[in-house]
Amino acid sequence: MPEARFPVEVASGVPVVTAPEEIDITNAAGLRAALLEAAARGSGTLVVDMAQTQFCDSAALNVLVRAHHRAQAGGGELLLVIGGAAVLRIFAVTGIGRLIPQFPNLERALAAAPAVPDFTSPPAR
């Protein structure tokens, strides 16, 4: 299987990491690196878009919980987009679903993210 990529983009001022179909021990370090990159781009809050993810193992869960704690320590939060029933079940069974906020789509996750000032536009008069 080719190495999974975790692209990082900014949507509505919030860094978004897009996860592949599977996150496991073989690519969890890539997820960690992408989350650190995303955290450096934003104001503390970031989103992991796992809408296409169908499987994640304990290595992935560990990375996500640590990112959640890092975000909270910096005054932000980690928000997850989860679409797959199997992934939802993993989060429910492990209790992580009660720890990290989850949303059914990216739009809802971004709507729940704190407003981020837009410094790219000139100030309104």
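Located above this text is the structure these notes cover.
Here, residues in each chain are numbered from 1, in the same order as that chain's written sequence. Only residues with pLDDT of at least 70 are given local features in this predicted model, and only at 80 or more are side-chain atom pairs given and counted; all residues enter the totals for whole chains, interfaces and linings. Computation of side-chain values: all heavy atoms of the structure, hydrogens and water removed.

J.: Help me out: how do you make sense of the overall build of the protein in this one?
T.: Each helix is a run of H or I in the DSSP string that is no shorter than four residues. Each strand is a run of E no shorter than two, and both are numbered from the N terminus. In terms of regular secondary structure, the protein is built from five helices and seven strands. When its helices and strands are written in sequence order, the protein yields β-β-β-α-β-β-α-β-α-α-β-α. Burial classification: accessible surface area is computed with a 1.4 Å probe over protein chains only, and a residue below 20% of its type maximum counts as buried, one above 50% as exposed, and the rest as partly exposed. Residues counted as buried form 42% of the 125 residues belonging to the protein. The long-range share in the protein, meaning contacts at least 24 apart out of those at least 6 apart in sequence, stands at 68%. Residue burial considers only the protein chains on display, and all accessible areas are found by Shrake-Rupley using a 1.4 Å probe. Accessible area for the protein stands at about 7100 Å²; split by element, carbon and sulfur atoms hold 55% of it. It only takes one pair of heavy atoms within 4.5 Å for two residues to be counted as in contact.

J.: What is the right way to look at the side chain of threonine 53 in this model?
T.: Structurally, threonine 53 is set in the loop between β4 (46-50) and β5 (55-56). Throughout this description, a polar contact denotes any pair of N or O atoms lying within 3.5 Å of each other; where both atoms belong to protein, one of them has to be capable of donating a hydrogen while the other can accept it, and for residues adjacent in sequence the pair is counted only when both atoms sit in side chains. At 2.7 Å, the side chain of threonine 53 and the backbone oxygen of proline 20 are in polar contact. Each residue touching threonine 53, except ones within four places of it in the same chain, is listed here: Ala19, Pro20, Glu21, Ile23, Gly84 and Val87.

J.: How should I be thinking about the pairing of strand β2 (residues 14-18) in this particular structure?
T.: Counting buried residues along β2, four of its five residues qualify, which places the element largely inside the surrounding structure. Strands are labelled as partners when DSSP assigns at least two bridges between them. As defined by bridge partners, strand β1 (residues 8-11) adjoins β2 across four bridges and the pair is classed as antiparallel. What sits directly across from valine 10, in β2, is proline 15. Relative to β4, β2 runs parallel, the two sharing three bridges. Residue pairing across strands places valine 17 opposite valine 48, the latter belonging to β4.

J.: Would you explain helix α2 (residues 58-73) in this entry?
T.: Residues separated by three or four positions in an α-helix point in the same direction, a consequence of the helix having 3.6 residues per turn. Relative to the 22 Å expected for 16 residues at 1.5 Å per residue, α2 spans 22 Å between its end C-alpha atoms, a close match to the ideal helical length. Every buried residue of α2 is accounted for by Ala59, Ala60, Leu61, Val63, Leu64, Val65, Ala67, His68 and Ala71. The backbone nitrogen of alanine 59 lies 3.0 Å from a side-chain oxygen of the residue at the head of α2, namely aspartate 57. The first or second residue beyond α2 is glycine 75, which carries a positive phi of 85°. One less than the residue count of a helix, multiplied by 1.5 Å, gives the span that helix is expected to have.

J.: Explain the sheet that holds strand β7 (residues 102-103) here, please?
T.: Working definition: the strands of a sheet are paired by backbone hydrogen bonds and lie parallel or antiparallel to each other. With mixed pairing, the five strands of this open sheet are ordered in space as β1-β2-β4-β6-β7. Of all the strands in the sheet, the pair left with one neighbour each is β1 and β7. Lines fitted to the C-alpha atoms define the axes, with helices restricted to the stretch that makes contact. Angles between their N-to-C directions range from 0 to 180 degrees. Across the sheet, α2 touches β4 and β6 (78-82), and the angle it forms with β6 is around 140°. Contacting β4, β6 and β7, helix α3 (residues 85-94) crosses the sheet at an angle of about 135° to β6.

J.: Could you clarify how one ought to interpret unusual backbone geometry in this entry?
T.: Most peptide bonds are trans, and most residues other than glycine sit at a negative phi. One non-glycine residue, serine 12, lies in the positive phi region at around 55°. Judged by relative accessible area, which is 61%, serine 12 ranks as exposed.

J.: It is not clear to me how the nonpolar core should be interpreted in this structure. Could you clarify?
T.: Soluble globular proteins tend to bury their nonpolar side chains together. Throughout, nonpolar core names a set of buried Ala, Val, Leu, Ile, Met, Phe, Trp, Tyr and Cys residues whose side chains join them through atoms within 4.5 Å. Leu35, Met50, Leu64, Leu78, Leu80 and Phe91 are the most contacted members of the largest nonpolar core, which totals 28 residues. Per element, the largest residue contribution to this core is seven residues, and it comes from α2. In this structure, phenylalanine 91 is in contact with Met50, Cys56, Leu61, Leu64, Leu80, Ile82, Ile96, Gly97 and Gln102, ignoring residues within four places of it in sequence. Counting residues in each nonpolar core, the second largest holds nine residues, with Val14, Val47, Ala109 and Ala113 among its members.

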